[in-house]
Amino acid sequence: MAEFWRRFRRNLGAVIGLAILALIGLTAILAPVLFPFSPWEMRGIPFMPPGEAGFLLGSDSLGRDVAAGIAHGTYVSLLVGGVSTAAALAIGITLGAVAGYAAGRVDDAIMRFTEFFQTIPSFVLAVVLVAIFTPSISSIVIAIAIVSWPPVTRVVRAEFLSLRSREFVQAAEVLGRSRIAIILTEILPNALSPIIVLSSLMVATAILLESALSFLGLGDPNLMSWGFMIGSGRSVIRLAWWMSVFPGIAIFLTVLALNLVGEGLNDALNPRLARRRGALPA
Amino acid sequence: MGAGALAAFLAQRTVKAAFVILGVVVFQFVLIRLAPGDPASVIAGQSGAADPLFMAQLREQFGLDRPLWEQLLIYLRDILTLDLGFSHRQQRTVASLIGERLPATLLLTGAAFAFALIGGVALGVAASRRVGRPADSAITVIALTFYATPIFWVGLLLVLVFSVWLEWLPSFGMFTVGADLTGLAHALDVAKHLILPALTLGLFFLAIYARLARASMLEVADQDFVRTARAKGVPEGRIVRVHVLRNALLPVITFAGIQAGQLVGGSILVETVFAWPGIGRLAFEALLARDYAVLLGVFFCTAVMVVVFNLVTDLLYAVVDPRVEVA
């Protein structure tokens, strides 16, 4: 653990990312304290520029507090990012583990299925899914999970393929342990580091996806979210630039911080590969 | 590779593409069946004309009284003959709506892709020749920035800066309404309207291609055949262009193919921001009107676009790389 932290710390960007992320997490927790009212509540005169009439980041077309909206929206973004990534990991790891461990025809079938989901335009698919199953936090989480699992499957499968013929796995097989036990206790723990790196990037992508969906009006109608705020500021951008600009900065900082942390995790967990990575994952 | 091998390679890719399209159709069929309410209500019920007679007529039209597999076959036959359904909102066939909007989307995505590919490779090559210097670091920072920025927000910022503050470029639509320009003047007008949306859509991919091109340029530059060329006294400029660049382009092309879906998906957001009259804007209007037949039609159309784009990148790959083998 100390070794891990030492390597992580060496990447300055990752440390900055972690600090930003801590601040964002704090905002999510403290939002009800800092702004002890609903973000939908009208608090004063509409279209007030930042700093005026008691609005730190200005007010929107209905006199709602933009700063309060951003603070309350933090929780929604982090929640959607986290839960949908967890769901995508569950699908991706299961399929990848089965494909990599079973090999042969099962592997073929699963990989075709994965390729199919990687080929079809994922954002359009997410839009269609959320629209047909009516926008709500659960349909958004499910849609994001459905479009983000394929890279996990590919990574897990590759790890399993290389690990399954290793001696410690063969030893476990000779000892007569069940397949499930071997997958869960022998192979999976050894395949964790690329999964951890990938999942920090997936949370970032999920937050971007959620913001894009709610920008199009497919957000949960009961929850304030950054994408919704940008979407509602779009048509009045000539009048009130702050309505769209500040929530965008919130998304940018969150996603950037997650990406930086992801690179730091990569450096810390795969020291051999770290310096060779030039490409960003899809 | 020989002409025969190339043909075999492309034939194999085409078969694969056909299976993807087939999969999309089956997927849509399942989706419509899984949706809350029966297909008639999903497709038309919410379009405001849900009287019982109309619903019964729709159910018969969809053959809902027949067995499931027969319904699937009918659905397949319809879509493969480009009968994408009927928009009861707009009182027109979905295919005609999409056909009308498709050229605008192709123009936008094509322009954005060309800009991203050419700009990205140029920047990547420039960065690879200045490793560690400020210009190189700047490109890495820019790439990281665009990777973290929502594309629709980039669009809004560009509108704010170039249309609202500087008043240089139009922010809305594809041509000046009411100007009735023709010929060259019209083309210039469209080009002016195209700049901001194409930049918005292209910048993200430009950043990615730049990083990819940089990494693969550095990797190829270390290889033996480059050293041999240098030893033979081939001029440095020619080494970069002919020996390094050609090989360094391959991962960029592969990645462009993988990301085709993202390019097409991004165009929905960009068209929404700029009111660009393409299929993305059509999808947005369909969302507002709950016109699911149109939405599914757009989904099918984007899937076809991605598959075709993938075929083109496969072909490009085969042209650029003489070693490509039939997998």
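Residues numbered from 1 in each chain as written. Chains lettered and ligands numbered in written order. Predicted model: local features only at pLDDT ≥ 70, side-chain atom pairs only at ≥ 80, totals over all residues. Heavy atoms only, no water.

A. Main features of a nonpolar patch on the surface. Taken together, the side chains of A:Leu23, A:Leu26, A:Ile29, A:Leu30, A:Val33 and A:Leu34 present a nonpolar region at the surface, about 610 Å² in accessible area. Relative accessible area serves as the criterion here: at 60%, A:Val33 is assigned to the exposed category. (Patch = residues over 30% accessible without salt bridge, like charges linked within 9 Å, V, L, I, M, F, W, Y side chains within 5 Å. Areas by Shrake-Rupley, 256 points an atom, 1.4 Å probe, with all protein chains shown as cover. Salt bridge = Lys/Arg side-chain N within 4 Å of Asp/Glu carboxyl O. Buried < 20%, exposed > 50% of the residue type's maximum accessible area, 1.4 Å probe, protein only.)

B. View of the nonpolar core. Ranked by internal contacts, the top residues of the largest apolar core, which has 170 residues, are A:Phe123, A:Phe160, A:Leu213 and A:Leu216. The element that contributes the greatest number of residues to this core is helix α8 (residues 183-221) of chain B, accounting for 15 residues. Here A:Phe160 is in contact with A:Ala97, A:Gly100, A:Tyr101, A:Ile183, A:Ile187, A:Leu188 and A:Ala191, once residues within four sequence places are set aside. By size, the runner-up hydrophobic cluster in this structure holds six residues, among which are A:Phe8, A:Val197, A:Leu265 and A:Ala268. (Core = buried A, V, L, I, M, F, W, Y, C linked by side-chain atoms within 4.5 Å. Helix = DSSP H or I, 4+ residues; strand = E, 2+ residues; numbered from the N terminus. Contact = heavy atoms within 4.5 Å.)

C. A look at the interface of chain B and chain A. Counting residues at the interface gives 50 residues for chain B, matched by 43 residues for chain A. Taking both partners together, chain B and chain A bury about 4300 Å²; carbon and sulfur atoms supply 79% of that area. Here chain B and chain A share two salt bridges between them. A salt bridge links A:Glu115 to B:Lys16, with the shortest nitrogen-to-oxygen separation between them at 3.3 Å. The tally of links from chain B across to chain A stands at five residue pairs in polar contact (both at pLDDT 80 or more). At the level of secondary structure, the elements contributing two or more residues to the side of chain B that touches chain A comprise α1 (3-34), α6 (134-147), α7 (151-165), α8, α10 (236-258), α11 (260-274), α12 (279-289) and α13 (292-320) of chain B. In terms of residue class, the side of chain B that touches chain A is built from 36 nonpolar, ten polar and four charged. (Buried area = accessible area lost by both parts, 1.4 Å probe. Polar contact = N/O pair within 3.5 Å; in protein donor to acceptor, adjacent residues only side chain to side chain. Nonpolar A, V, L, I, M, F, W, Y, C, P; charged D, E, K, R; others polar.)

D. Seen up close, the pattern of salt bridges. Enumeration according to the criterion identifies nine salt bridges over all chains in this entry. Two residues, A:Glu263 and B:Arg211, come together in a salt bridge whose shortest N-O distance is 3.9 Å. Within this pair, whereas A:Glu263 is found in helix α12 (residues 242-269), its partner B:Arg211 is found in helix α8, the two belonging to separate chains. Judged by its relative accessible area of 14%, B:Arg211 is buried. Two residues, B:Glu285 and B:Arg281, come together in a salt bridge whose shortest N-O distance is 3.6 Å.

E. Representation of the side chain of A:Thr74 in the model. All names here are of chain A. Relative to the assigned elements, Thr74 resides in helix α3 (residues 66-102). Residue Thr74 is classed as buried on the basis of its relative accessible area, which comes to 3%. From its side chain, Thr74 meets the backbone oxygen of Ala71 in a polar contact 3.1 Å long.

F. Structural view of the packing of aromatic side chains. If you walk through the whole model with that rule in mind, you get 18 aromatic pairs over all chains. Judged by centre distance (5.4 Å) and plane angle (55°), the ring pair of A:Phe117 and A:Trp149 falls under tilted. One end of the pair, A:Phe117, is in helix α4 (residues 104-119); the other, A:Trp149, is in the loop between α6 (137-148) and α7 (150-163), with 32 residues separating them in the sequence. An aromatic cluster is present here, built from B:Phe113, B:Tyr147, B:Phe204, B:Phe205, B:Tyr209 and B:Phe309 joined pairwise through their rings. (Phe/Tyr/Trp six-rings, centres within 6.5 Å; stacked < 30°, edge-to-face > 60°.)

G. Region of interest: the domain arrangement of chain B. Residues and elements named next belong to chain B. Structurally, chain B comprises domain 1 (3-93) and domain 2 (101-320). Of note, the centres of domain 1 and domain 2, computed from C-alpha atoms alone, are 31 Å apart. Tallying the contact residues gives 23 residues for domain 1 and 18 residues for domain 2. Both faces combined, the contact of domain 1 with domain 2 buries some 1800 Å², and carbon together with sulfur accounts for 74% of it. Taken together, domain 1 and domain 2 are joined by one salt bridge. In this structure, the salt-bridge partner of Arg13 is Asp314, at a minimum N-O distance of 3.1 Å. Applying the counting criterion to the domain 1 and domain 2 interface returns two residue pairs in polar contact (both at pLDDT 80 or more). Ranked by the residues each element gives to the side of domain 1 that touches domain 2, the list is headed by α1, at 14 residues. (Domains from an automatic or database assignment.)

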